[in-house]
Amino acid sequence: MEGFDNIIYTEVPAPEPDCTGVPVLLTDETMAERYQKVLDRMAGDHIDTLVIYGDLEHGSNFEYLTGFLPRFEEALLVVHRDGRNFMVMGNENLNKVPFARLKAVPVHAPYFSLPNQPMACEKTMLELLKDAGIRENTRIGIVGWKNFTSRHEDNSQLFDVPSYVVDGIRTLAGASGQVFNATWVFIGEKGVRCRNNVNEMEHYEFGASLASDCMLKAMDHLDVGVRELETGEILNAYGQKNSVVTIAAAGKRFVKANLYPTDHRVQPGEPVSLTVGYKGGLSSRAGYAVKDASQLPQKVQDYVDVVVKPYYHAYVTWLEQVRCGMKGGELYRLMDQVLPKAVYHWSLCPGHLTADEEWMSSPVYEGSEEVLESGMLFQIDLIPSVSGYGGTSAESTVALADPALRDEIRRQAPALWQRITARRQYLESRLHIRLHPDILPMCSTVAYLRPLLLNKGMAMAKKTD
């Protein structure tokens, strides 16, 4: 197709799975560094107290300092700039406080427990918040999980935390205090979680590469007659917590509002969507259950030319031109130039940050002045939507690293560096993509895309010069 003649569908050997199978824990030094980064940000922004909310689905800012999610309960981590910390916990997470990666005084709040568990507490929620050091005449930042960026609201007064918590904090702060959404301390521009050190890179690379290996195995297993349940089982591994709902779907999606793999068996010519995510990264692939284009439904036999080649061209451009120091708005404009939004109808953004959660935040949006910095972990999340055609996707995880960080990885994590080097060599020698030096593949299947999923020897690539 004109404009994408540098992209071909050709014979390509698959990359090698390379997850180590051994999780890398965060060191005490890393956890201390995280805490200091938060304290420094509080001092710089004159915040006296941060009240950090967490639950199973919205607990990554809480986990960033404590090392764990509060599972099925709610919780608060209260961090004071003077070094005092409190953990306000429900019945079944109170015993985790001694194991937390941050020393804190426990405050038992049965109100955070499951429905109809004992709430025999002689104190009100207001009194418990007071026990955690919430005071009047102070600047108190509430941290949920969302950094609101509306152009029509006062974002500082939008809270994604239960009202009985917010109301209690406001009452204790009084007319002389200030209460505001401070999720931006953690995510968003200059958020403390947006950049990672070498230990964090190792920690997150485990999940990114695990998702990638599971995806490769699932694609190899995929065939006519294979049940969605079988594929879903392959995608989920090692008992690790998924960062998103696992997708193993063939044919029509969302029948009776169902989101999960079913007993449906793959039929010839059906569109297929596969996604799995773990802490540190997600892998997603979409295509058709055919071996060649002649097996596609008549109206979409040009699927590779109309949908896949333009998408892959944009993906290659991303890998070859994104770099440290680039502004998010520049990346947004670049993607709109090579894959025009008006034609391909991608609606979110062409890349976002990832960490413990699949989508943490993104510096990439129209007009963004945010700088892409060394240490950021990115999902290449560009999703075209062309009417009448099935989707395509090769979403994977990469890191940005300037020369200094690359040198640190070589010295401090030589095994990780060896895997990164092998991945770069595959991309350059097999797919003929000239990665920018700042791009570090965090898994082996970056840019590996089989649009016709039953032909396991063919994939997209860039033409050799």
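Residues numbered from 1 in each chain as written. Predicted model: local features only at pLDDT ≥ 70, side-chain atom pairs only at ≥ 80, totals over all residues. Heavy atoms only, no water.

1. Concerning the side chain of N196
Argument step 1. Residue placement: N196 occurs in the loop between β7 (178–181) and α5 (198–221).
Argument step 2. Given the relative accessible area of 9%, N196 is considered buried.
Argument step 3. Polar side-chain contacts of N196 include one of 2.9 Å to the backbone oxygen of G375. (Helix = DSSP H or I, 4+ residues; strand = E, 2+ residues; numbered from the N terminus. Buried < 20%, exposed > 50% of the residue type's maximum accessible area, 1.4 Å probe, protein only. Polar contact = N/O pair within 3.5 Å; in protein donor to acceptor, adjacent residues only side chain to side chain.)

2. A short note on the sheet that holds strand β12 (residues 377–379)
Argument step 1. The sheet built from 4 strands is open, its strands ordered β11-β12-β13-β14 with antiparallel pairing. Because the sheet does not close on itself, it has two edges, and the strands there are β11 (352–353) and β14 (439–441).
Argument step 2. Bridge analysis of strand β13 (residues 397–400) against β14 gives 3 bridges, and the strand direction is antiparallel. By the bridge assignment, L400 is partnered in β14 with I439. (Pairing = 2+ DSSP bridges.)

3. Topic: the packing of aromatic side chains
Aromatic ring pairs are defined here through the distance separating the ring centres and the angle between the ring planes.
Argument step 1. If you walk through the whole model with that rule in mind, you get 8 aromatic pairs.
Argument step 2. Judged by centre distance (6.1 Å) and plane angle (85°), the rings of Y64 and F186 are edge-to-face. With Y64 in helix α2 (residues 60–66) and F186 in the loop between β7 and α5, this pair connects stretches of sequence that are 122 residues apart.
Argument step 3. Here Y64 falls in the buried class, since its relative accessible area comes to 2%.
Argument step 4. A centroid spacing of 6.2 Å and a plane angle of 5° characterise the contact between Y312 and Y315, whose relative ring orientation is stacked. Pair noted here: Y312 and Y315 are both in helix α7 (residues 303–321), with a separation of 3 residues, about one helical turn.
Argument step 5. Classification of Y312 by relative accessible area gives buried; the value is 0%. (Phe/Tyr/Trp six-rings, centres within 6.5 Å; stacked < 30°, edge-to-face > 60°.)

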